[in-house]
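Analysis of the macromolecular model
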Amino acid sequence: MASVKSYVQNKKGLRYDDIIHEESETVQEALRRLPIHEDNYRSLRIRNAFQLSIQHNILPKEQWIKPEEDVRYLSPIIAEVVAEEAEREAFDAMKIIKK
């Protein structure tokens, strides 16, 4: 099912990371850390894909996202945020032992 989903999203001009759900706090933090130009491009891709979806259209074949162009831009930031949250939890769970 994932390959069908990515096949359709590529025809609409979306990258893999464009369809990550934004509801979690981790993804929200990662989105806040995105460079402004990448955030603008992401918003534009999502808006254009939504418009194509409403019109029941796809992009012309030469505008489809090719696998080599589908670079993960948000996933590395999400992984960084998850690691920071795990580190924060580990420090919060530390017990101080007095001698």
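What comes next concerns the included structure. None of these values were measured; they are calculated from a predicted model.

Conventions and cut-offs
- Starting afresh in each chain, residues are numbered from 1 along the sequence in its written order.
- Local features are withheld for residues below a pLDDT of 70 in this predicted model, meaning they are given only at 70 or higher, and side-chain atom pairs are given and counted only at 80 or more; totals for whole chains, interfaces and linings count all residues.
- Calculation of side-chain values draws on the structure's entire complement of heavy atoms; hydrogens and water are dropped beforehand.
- A run of H or I in DSSP counts as a helix once it spans at least four residues, and a run of E counts as a strand once it spans at least two, with each numbered from the N terminus.
- It is over C-alpha atoms that the radius of gyration is taken, and the globule rule equals 2.2 Å times the number of residues to the power 0.38.
- Between buried and exposed lies partly exposed: a residue is buried under 20% and exposed over 50% of the maximum accessible area for its type, with that area taken using a 1.4 Å probe on protein chains only.
- Computed with the Shrake-Rupley method and a 1.4 Å probe, the accessible areas treat only the protein chains shown as cover for residues.
- Neither His nor the chain ends contribute to the count of charged residues, in which Lys and Arg are positive and Asp and Glu negative.
- Throughout, a charge is located at the NZ atom of Lys, the CZ atom of Arg, the CG atom of Asp or the CD atom of Glu.
- Note on definitions: salt bridges are taken to be side-chain nitrogens of Lys or Arg within 4 Å of carboxyl oxygens of Asp or Glu.

**Quick word on the overall build of the protein**
Helix and strand counts for the protein stand at four helices and zero strands. Along the chain direction, N to C, the helices and strands of the protein fall in the order α-α-α-α. In terms of overall size, the protein is more extended than a compact globule, its C-alpha atoms giving a radius of gyration of 18 Å where 99 residues would be expected to give roughly 13 Å. Counting only C-alpha atoms, the protein reaches 70 × 30 × 25 Å along its principal axes. Buried positions account for 28% of the 99 residues belonging to the protein. Accessible area of the protein: about 7700 Å², with a carbon and sulfur share of 58%. Taken together, the 16 basic and 18 acidic charged side chains of the protein have centroids lying 2 Å from each other.

**Some thoughts on the pattern of salt bridges**
Opposite charge on two side chains makes pairing possible when the charged atoms of those side chains draw close. Going through the model one piece at a time under the given rule, you end up with ten salt bridges. Members of the salt-bridge network, linked through shared partners, are Glu29, Arg32, Arg33, Glu80 and Glu84.

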